[in-house]
Amino acid sequence: MTKIKLNYDDKLVELGDLYGIFFEDLNHAADGGLYAEMIQNRSFEFNRIDHATYHALYGWEDVNGNDLVEQQLELRVLSDNPLHPRNPHYLKINSLEEITIRNRGYNQGLYLQKGEIYRLSFFAKADFKGQKVSLQFQDAAGKIYNQETVSINNGGWSKYSIEMSMPETVVDGRLAVSFPAITDLAIDMISVFPKATFKNRENGCRKDLAEKLAEMKPKFLRFPGGCLVHDGSLNSEDRDSMYRWKNTIGPVETRPAKRNNWGYNQSLGLGFFEYFQISEDLGAKPIPVLPGGWDPHHKRAVAIDELDPWIQDALDLIEFANGDVSTEWGAVRAEMGHPEPFNLEYLGIGNEEVGQEFFDRYAYFHEAIRKAYPNIKLINSAGPFSEGSEYDRGWKSALEHQSDLVDEHYYATPEWFLAHHHHYDHFDPNGPKVFLGEYAAKDNRWRNALAEASYMIGLERNADKVALACYAPLFANEDYVNWRPNLIWFNQEKVYGSVNYDVQKLFMTQQGTHNIDFDIQDMPESILLEDKDITGDFGLSGDWADIEVDALTFTDNVTGEVTKFDKQTIKDNEQKILGQTKSTHYTINFDFVKTAGLKKKGFKFFFGRTDNQNLYSWSLGGWENQDCLISSIKNGAESVLTQTMWKVETNKHYSCQLEVKENKIITKIDGVEFNHTEELPLIVKAAYVNAVYDQESDNYLLKVVNVKEVPFTFELDNPTSQIKLTQLSASPDTKNTLEESNQVVVKSELIENDMNTFNVDPYSVMFLEIKR
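Residues numbered from 1 in each chain as written. Predicted model: local features only at pLDDT ≥ 70, side-chain atom pairs only at ≥ 80, totals over all residues. Heavy atoms only, no water.

(A) Quick look at the overall build of the chain. Scanning the chain for helices and strands turns up nine helices and 50 strands. Expected size for 772 residues packed as a compact globule is a radius of gyration near 28 Å; at 29 Å, the chain falls within 12% of this value. If one aligns the C-alpha atoms of the chain with their principal axes, the spans along those axes are about 90 × 75 × 55 Å. In the chain, buried positions account for 59% of the 772 residues. Counting only contacts in the chain whose residues sit at least 6 apart along the sequence, the fraction spanning at least 24 positions is 74%. Counting 78 positive and 118 negative side-chain charges, the chain places the averaged centre of each group 1 Å from the other. (Helix = DSSP H or I, 4+ residues; strand = E, 2+ residues; numbered from the N terminus. Rg over C-alpha atoms; globule rule 2.2 N^0.38 Å. Buried < 20%, exposed > 50% of the residue type's maximum accessible area, 1.4 Å probe, protein only. Contact = heavy atoms within 4.5 Å. Lys, Arg positive; Asp, Glu negative; His and termini not counted. Charge placed at Lys NZ, Arg CZ, Asp CG, Glu CD.)

Shown next, in the form of structure tokens:
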């Protein structure tokens, strides 16, 4: 039997701020999500730039539930003499007859709960005195549950606020706004907030969603993105500008609506002040991320000699967060209701950056911030993959400038996470620390959560190299999904944590403060589940470009046999299987030219194919036509093994070579090596183990993850008088849903005798909290 002995007095590296959360407004995580505003398009600012279906009255309907449209005189969206220049549009009503408009909110409607109080507000200006506006809570069918009438007394723009409660609960609520006959007024910023927001903030967060975050007790909150940060124009005044933090502060009616790069509108009601505030409310350290003057998606770059305003934005943000009220930006923070500093410690520049353009600019940010604020920990970027040219470029920059941390991102299969358990074992503990800012095992099933748990054991063991880590993405509204998987799912009524959430919560709430030494005896041997050569079908896969392939040869390097193929063409998303091999060492050569098709596309050469769910792929062009990358696809999920920046030009001839030897892959284009990687063997340990000390509780924690289908039994060699056991277990395909949100079996018991033998169930995570 395996014996585990904890060396209680041998405390090692501190775990610090290891586990936190990352918020990005995708999947309607902010508007229609964490931001508690219930009205969609409250300021009539929706625009086709945000989404092709948007218009100024999007989200609004008539009494019959039909989409609202502008009318020649009675109902118009205007922009002369607006509420604020940054909020230029408003609704003008000129009518001799009564008009009622309704807002359907998000999902199926407003979730209005019995007994709850709601804050309703709007801005209005009347062209003559004595006008009125009636506000009603209805359901989709038009039943009225409560109503109030507001008199419009002032000629200029003024804010009007009331509170209303609900006698019943409805899930398809509507806010109806009625204007009586003979109305001539303008209205804007029509808003409904629950009074009971998280921590009762007026412009605050949806309580049930924020409570899900609070339950995890995160050490930090990274915000606001993500690709949201650097995708957009360079002019902060443009509708589709990059995310610029100064646009997001001040009264909400003065904040400009912006395009969200995920394909919808940002009200910016949840702005940087609110992000700092919720960080404080959660007891999490804020980690804001700012753009570095480079948009890699559209290849837009701020000229080096025009970087000063962007750098000043970063310096001003630090002053906004930490400055005394006597400073310019500290005074702005105080005016917004928070005279105390937010105690900012970390600052990220850039997100998933690719291309030398970013790193040329990062140097200027780094130098200026380090000089003005030497105690701020600066976070550099290492691209969107775990290996390759941009990963190397990011680390080179971090070492050159001595960045405090490097932000790594990767999404991969459970098999990848298991195979790479020792990923950080050989990193330099004296160099910049790793910030694993985005990672996930590609699904919300228990097998994925278990793989993540095993990997987190490795992160903890390497806490001298890995300083911060957070799962991503955080939130998804079930009716507006841009990305899967996600940690927390919700609609307008309910919220639930994925099974991955259950694992993250356990690790976060019982992180500990220090690793401790421990000894393991008689641990069963690890099992090699997969270490096969890369063999099978090979061929071409279209990626919405017209490609001609010629001079294609297959060489079996074991036998020396050479096979030649005829000229091939491929377009759209066609797939052509050209051959099959069982050889353990082969080379494929071909020439190709892109003749037409989408500018940002190329094609893929697949190999090692068993079926369309299990294969390897050499992508030539890839997303945004900037990648030469190698992927491993297992059970339909992709792991990028390595990536190099490269672009396919139309009507240019390329000579390519792919060499596969056992599990190693090398690619060349025009004689230059672009990729050199290998598929690591899938080795599964009998158990993944770590032990920590928690200074606050003065307790010790033994953490054991069992990803196998058989139990793992061990003996605790030095038991104590009291142990609290927590175990999470489920079958591998288990997942939570809105209807069945607690599918993981949680076992919790207090052991107060000399029990020293423990049985970790198959597919489970066990924590022993040990009191000495």
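Back to the text.
(B) Geometry of the sheet that holds strand S49 (residues 757–760). Reading across from one edge, S48-S47-S50-S45-S44-S28-S1-S46-S49 is the order of the nine strands in this open sheet, with mixed pairing throughout. Pairing within the sheet leaves two strands with one partner each, and these edge strands are strand S48 (745–751) and S49. Neighbour to neighbour, the strand axes of the sheet diverge by 25° on average, direction disregarded. Two strands pair when backbone bridges link them, and strand S28 (residues 514–521) and strand S44 (residues 688–694) are joined in this way by two bridges, in the antiparallel orientation. (Pairing = 2+ DSSP bridges. Axes fitted to C-alpha atoms, helices over the stretch in contact; angles between N-to-C directions.)

(C) Fine view of a negative patch on the surface. Side chains of Glu-478, Asp-479, Glu-739 and Glu-740 sit close together on the surface and give a patch of like negative charge. Mapped onto the secondary structure, Glu-478 falls in the loop between strand S25 (475–477) and strand S26 (488–490). (Patch = residues over 30% accessible without salt bridge, like charges linked within 9 Å, V, L, I, M, F, W, Y side chains within 5 Å. Areas by Shrake-Rupley, 256 points an atom, 1.4 Å probe, with all protein chains shown as cover. Salt bridge = Lys/Arg side-chain N within 4 Å of Asp/Glu carboxyl O.)

(D) Region of the structure containing the packing of helix H1 (residues 207–216) against helix H9 (residues 499–509). H9 packs onto H1 with a crossing angle of 50° between their chain directions and a minimal axis gap of 8 Å. The orientation of H1 with respect to H9, classified from their angle, is oblique. From H1, Lys-212, Glu-215 and Met-216 reach across to H9, where they touch Tyr-501, Lys-505, Met-508 and Thr-509. For the contact of H1 with H9, the residue count by class is three nonpolar, one polar and three charged. (Parallel < 35°, antiparallel > 145°, perpendicular 65-115°, else oblique. Nonpolar A, V, L, I, M, F, W, Y, C, P; charged D, E, K, R; others polar.)

(E) How the structure looks around the side chain of His-409. Tracing the backbone through its elements, the reader meets His-409 in strand S22 (residues 405–411). Overall, the relative accessible area of 0% leaves His-409 in the buried class. Looking at His-409, its side chain comes within polar contact range of the side chain of Glu-352, at 2.9 Å. A polar side-chain atom of His-409 sits 3.3 Å from a polar atom in the side chain of Glu-438. (Polar contact = N/O pair within 3.5 Å; in protein donor to acceptor, adjacent residues only side chain to side chain.)

(F) Examining helix H4 (residues 328–335) more closely. By the burial criterion, the buried members of H4 are Trp-329, Gly-330 and Arg-333. The buried residues of H4 all sit within an arc of 105° when viewed along its axis, so they share a single face. Across H4 from its buried face, at more than 90 degrees, point the exposed residues Glu-328 and Glu-335. Count one or two residues on from H4 and you reach Gly-337, which has phi positive near 110°. (Arc of directions from axis to C-beta.)

(G) Here's a closer look at the environment of Asp-550. Looking at the element boundaries, Asp-550 is found in strand S31 (residues 545–556). Distance from Asp-550 to Asn-756, taken between C-alpha atoms, is 68 Å for residues 206 residues apart in sequence.

(H) Here's a closer look at the pattern of salt bridges. On inspection of all chains with the given rule, the structure shows 39 salt bridges. A salt bridge links Asp-281 to Arg-201; the shortest N-O distance between them is 2.7 Å. Residue Asp-281 is located in helix H2 (residues 272–282), and its partner Arg-201 is located in the loop between strand S13 (183–194) and H1; the two are separated by 80 residues in the primary sequence. Owing to a relative accessible area of 17%, Asp-281 belongs among the buried residues under this scheme. What makes Arg-201 partly exposed here is its relative accessible area of 27%. Across the pair Glu-438 and Arg-222 runs a salt bridge, and its minimum N-O distance is 3.4 Å. With Glu-438 in strand S23 (residues 433–440) and Arg-222 in strand S14 (residues 220–223), this pair connects stretches of sequence that are 216 residues apart. Each member of the pair, Glu-438 as well as Arg-222, is classed as buried. Each member of the salt-bridge network shares a partner with another, and the members are Glu-61, Asp-67, Arg-102, Arg-104 and Arg-174.

(I) The arrangement of the packing of aromatic side chains in detail. Taken as a whole, this structure holds 56 aromatic pairs when the rule is applied. Ring geometry for Phe-590 versus Phe-605: centroids 5.0 Å apart, planes at 10°, classification stacked. With a gap of 15 residues between them, Phe-590 in strand S35 (residues 585–597) and Phe-605 in strand S36 (residues 603–611) connect regions that are remote in the sequence. Like Phe-605, Phe-590 is buried. One cation-aromatic arrangement involves Lys-11 over Tyr-693; the distance from NZ or CZ to the ring centre is 4.5 Å. Looking at Arg-222, its charged tip hangs above the ring of Phe-22, at a distance of 4.1 Å from the centre. (Phe/Tyr/Trp six-rings, centres within 6.5 Å; stacked < 30°, edge-to-face > 60°. Lys NZ or Arg CZ within 6 Å of the ring centre and 35° of its normal.)

(J) Fine view of the environment of Trp-416. Residue position: Trp-416 is located in helix H7 (residues 414–419). Expressed as a C-alpha distance, the spacing of Trp-416 and Gln-613, which sit 197 residues apart in the sequence, is 15 Å. The residues contacting Trp-416, other than those within four sequence positions of it, are Ser-386, Tyr-410, His-423, Tyr-455, Ser-639 and Leu-641.

(K) Representation of a nonpolar patch on the surface. A cluster of nonpolar side chains, contributed by Leu-96, Phe-128 and Ile-182, occupies part of the molecular surface with about 340 Å² of accessible area. Of note, Phe-128 is situated in the loop between strand S8 (117–126) and strand S9 (131–139).

(L) Highlighting the nonpolar core. By size, the foremost hydrophobic cluster in this structure holds 161 residues, and its most contacted members are Phe-590, Phe-592 and Trp-618. The leading source of residues in this core is helix H8 (residues 446–461), at nine residues. Core analysis: the next-biggest nonpolar cluster, separate from the first, contains 38 residues, Ile-93, Tyr-118, Val-150 and Phe-179 among them. (Core = buried A, V, L, I, M, F, W, Y, C linked by side-chain atoms within 4.5 Å.)

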